[in-house]
Amino acid sequence: MTLATDALLARIEAKREEVTALTQALVRIPTVNPPGDAYEACARLVGERLAKKGFVVEYVRALGAPGDCDSHPRVNVIARWQGSAPGECVHFNSHIDVVEAGSGWTFDPFGGEVAHGRVYGRGTCDMKGGLASSIIACEALIESGLPIPGALEISGTVDEESGGFSGVGYLAERGYFSKPRVHHVIIPEPLGVDRICLGHRGVWWGEVETRGRIAHGSMPFLGDSAINHMSAFIHLLETQLQPRLRGRHTAEPVEPPGARVSTLNINSIHGGQVEQHYSQDARGWPTGDLPAPVVAHSCRAVLDRRFIAEENLEAVKQEIIDMLDELKRTRPGFDYGVRDIMSFVPTATPKDAPVVDATARAIARVLGREPSYIASPGTYDQKHIVRTGKLNDCIAYGPGILDLAHQPDEYVGIQELVDSAKIMALAALSLTSGA
Ligand SMILES: [Zn+2]
């Protein structure tokens, strides 16, 4: 097999300009989320290219799913190439949405400019470069004429940046990420060309509301401020819970190492009257809305609690409720409510799983070094594949430096695009042939 795979690697090496051009073409379609711009154009670019290479292409609009509307249709593309004999299917899943460009760019964020051996632009690293590498990998495999049993699949899915419910979540509910259709999934997120990401920490998004009693703001002693109650709760979070979480370490190789503990972020807080923007003119007269004097009868805080594999979701929630109950016992007038917003448990694909093993061997062959194994502090689409698709043989592996994701002057190295395409091709070849 060595001679044949040498030829495959040489074939991909010769596609350096092609993988660069494809990354550029993808980046020039500004698929910004929110609101979910130009998804269909990007899906079509992928689908039309792969149809010419013999893939069967489906476009699946997530009708009725979060964010889907006629002005911003959530269009996903799934392409499947059937091999020469029965066998297992390797699926490469990339999200096509990107976050807004933001400020601070020295390159055109949607220009796909090439400089210093890199392609610059929003989404180069997260993760249109990875999508381009996976496409080049599969095309080279097909052109190589090597016997490939099973099937190759490539998908471009939407809304990963906002939870993936209209992308991988929607497709997973319809069997696109389950056996017998698919057996192994590689998500080319920008984790680095020599790193295999096995999974991610868990998350509980919840909303805590404190309640008070409305009164005139000039006589606050006649009411009971929900904001004061919230402040007592936040004080406990800061002085008791957050220090406790910092001492709760995981054995999982989460990167960066600062995230190898449990964390809590207070995402937002809203209390009292609806937020307005007050201003005065030169005379000191109000120019717009004015506040009315009331004591806040409600205050809501959104919590983003990331938990480690050693914890469980019920205990994570109970810990918060126990603190609220403690306040209810000790603080006159304290009353609260808790709502779940969204939760995902941690995922961790075993190191001896087929997709991990095949990718590790491919990294060693192409780069001449052993991979490192990591886990992600935040969730990504693996959560839907594991939870809804019930498929555990899934990793994130792709070109790019994670720290550059969502930053100005985001880029992906062209050498990394080529190297990761080689690694994806070798991994897919050994997984489909069961080697
Ligand atoms: Zn991403």
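Quick caveat: nothing in here was measured; it's all calculated off a predicted structure.

This brings us to the layout of surface pockets. Put simply, the largest pocket is a space of about 590 Å³. Lining the largest pocket are 25 residues, with Glu160, Glu161, Gly378, Thr379 and Tyr380 positioned closest to its centre. Listed by contribution, the elements that provide at least two residues to the lining of the largest pocket are β9 (202-211) and β12 (335-344). When grouped by side-chain class, the residues that make up the lining of the largest pocket number 12 nonpolar, 7 polar and 6 charged.

Now for the sheet that holds strand β11 (residues 298-307). On the basis of which strands lie adjacent, the open sheet formed by 4 strands has the order β10-β11-β9-β12 and antiparallel pairing. Bordering the open sheet on either side are β10 (263-271) and β12, each of which pairs with just one other strand. This sheet shows a mean twist of 20° between the axes of neighbouring strands, independent of strand direction. Pairing of β9 with β12 involves 9 bridges; the strand directions are antiparallel. What sits directly across from Arg211, in β12, is Asp335.

Another point: the pattern of salt bridges. Under the definition given, this model contains 35 salt bridges. A salt bridge links Arg339 to Glu209; the nearest nitrogen and oxygen atoms lie 3.5 Å apart. Placement of the pair is Arg339 in strand β12 and Glu209 in strand β9, with a sequence separation of 130 residues. Given a relative accessible area of 14%, Glu209 falls into the buried group. A salt bridge links Arg248 to Glu311; its shortest N-O distance comes to 2.6 Å. Of the two residues, Arg248 is situated in the loop between α6 (226-246) and β10 and Glu311 in the loop between β11 and α7 (313-330); the sequence distance between them amounts to 63 residues. With relative accessibility at 13%, the residue Glu311 sits in the buried group.

All of the protein donors around the zinc ion are His95 (NE2), Asp126 (OD) and Glu189 (OE); their distances to the metal are 1.8 to 2.1 Å. Mapped onto the polypeptide sequence, the residues donating to the zinc ion form the spacing pattern H-x30-D-x62-E. Taken together, the residues His95 in strand β3 (residues 89-95) and Asp126 in helix α4 (residues 124-144) connect sequence positions 31 residues apart. By relative accessible area, Asp126 is classed as buried at 7%.

Quick look at the nonpolar core now. Burial of nonpolar side chains together is a common tendency in soluble globular proteins. The biggest cluster of nonpolar side chains holds 62 residues, and the ones touching the most others in it are Leu8, Phe55, Phe92, Leu141, Ile154 and Tyr397. The element that contributes the greatest number of residues to this core is helix α10 (residues 414-432), accounting for 12 residues. What Leu8 contacts, discounting residues up to four positions off in sequence, is Ala140, Leu141, Ser144, Leu146, Ala425, Leu426 and Leu429.

Quick look at unusual backbone geometry now. Here the bond from Asn33 into Pro34 is cis, since omega is -10°, no more than 30 degrees from zero. When you line up the elements, Pro34 lands in the loop between α2 (16-27) and α3 (39-52). Of note, the amide linkage connecting Asp126 to Met127 takes the cis form, showing an omega dihedral of -10°. Relative to the elements of secondary structure, Met127 occurs in helix α4. Backbone geometry places Ala38, a non-glycine residue, at a positive phi of 55°. In this fold, Ala38 is placed in the loop between α2 and α3. Notably, Asp159 is not glycine yet its phi reads approximately 65°, a positive angle. For Asp159, the location among the structural elements is in the loop between β6 (151-157) and α5 (168-173).

Quick look at empty space enclosed by the protein now. Summed over the entire model, instances satisfying the criterion amount to 1 cavity of 30 Å³ or more. The volume enclosed by the largest cavity comes to roughly 70 Å³. Taken together, Gly199, His200, Arg201, Thr250, Glu252, Val254, Ile308, Ala309, Pro346, Thr347, Ala348 and Ala375 make up the full set of residues lining the largest cavity. Residue assignment for the lining of the largest cavity shows that the elements contributing at least two residues are β8 (195-200) and β13 (347-348). Grouping the constituent residues of the lining of the largest cavity by class yields 6 nonpolar, 4 polar and 2 charged.

Once that is clear, we can look at the sheet that holds strand β4 (residues 114-115). On the basis of which strands lie adjacent, the open sheet formed by 3 strands has the order β4-β5-β16 and antiparallel pairing. Bordering the open sheet on either side are β4 and β16 (411-413), each of which pairs with just one other strand. When β4 meets strand β5 (residues 118-120), the two strands line up antiparallel, connected through 2 bridges. Looking at β5, one finds that Val114 is bridged to Val119. On the sheet, α2 packs against β4, β5 and β16 and is oriented at approximately 10° with respect to β5. Across the sheet, α4 lies against β5 and β16, angled at about 45° from β16, the strand it touches most.

Rules of the game
- Residues numbered from 1 in each chain as written.
- Predicted model: local features only at pLDDT ≥ 70, side-chain atom pairs only at ≥ 80, totals over all residues.
- Heavy atoms only, no water.
- 1 Å grid on protein atoms, 1.4 Å probe; cavity = no way out; pocket = protein on both sides within 12 Å on 5 of 7 lines; lining within 4 Å.
- Points joined across faces, edges and corners; volume = space filled by probe spheres on them.
- Helix = DSSP H or I, 4+ residues; strand = E, 2+ residues; numbered from the N terminus.
- Nonpolar A, V, L, I, M, F, W, Y, C, P; charged D, E, K, R; others polar.
- Pairing = 2+ DSSP bridges.
- Axes fitted to C-alpha atoms, helices over the stretch in contact; angles between N-to-C directions.
- Salt bridge = Lys/Arg side-chain N within 4 Å of Asp/Glu carboxyl O.
- Buried < 20%, exposed > 50% of the residue type's maximum accessible area, 1.4 Å probe, protein only.
- Donors = N, O, S within 2.8 Å, 3.2 Å for Na, K, Ca; no water.
- Core = buried A, V, L, I, M, F, W, Y, C linked by side-chain atoms within 4.5 Å.
- Contact = heavy atoms within 4.5 Å.

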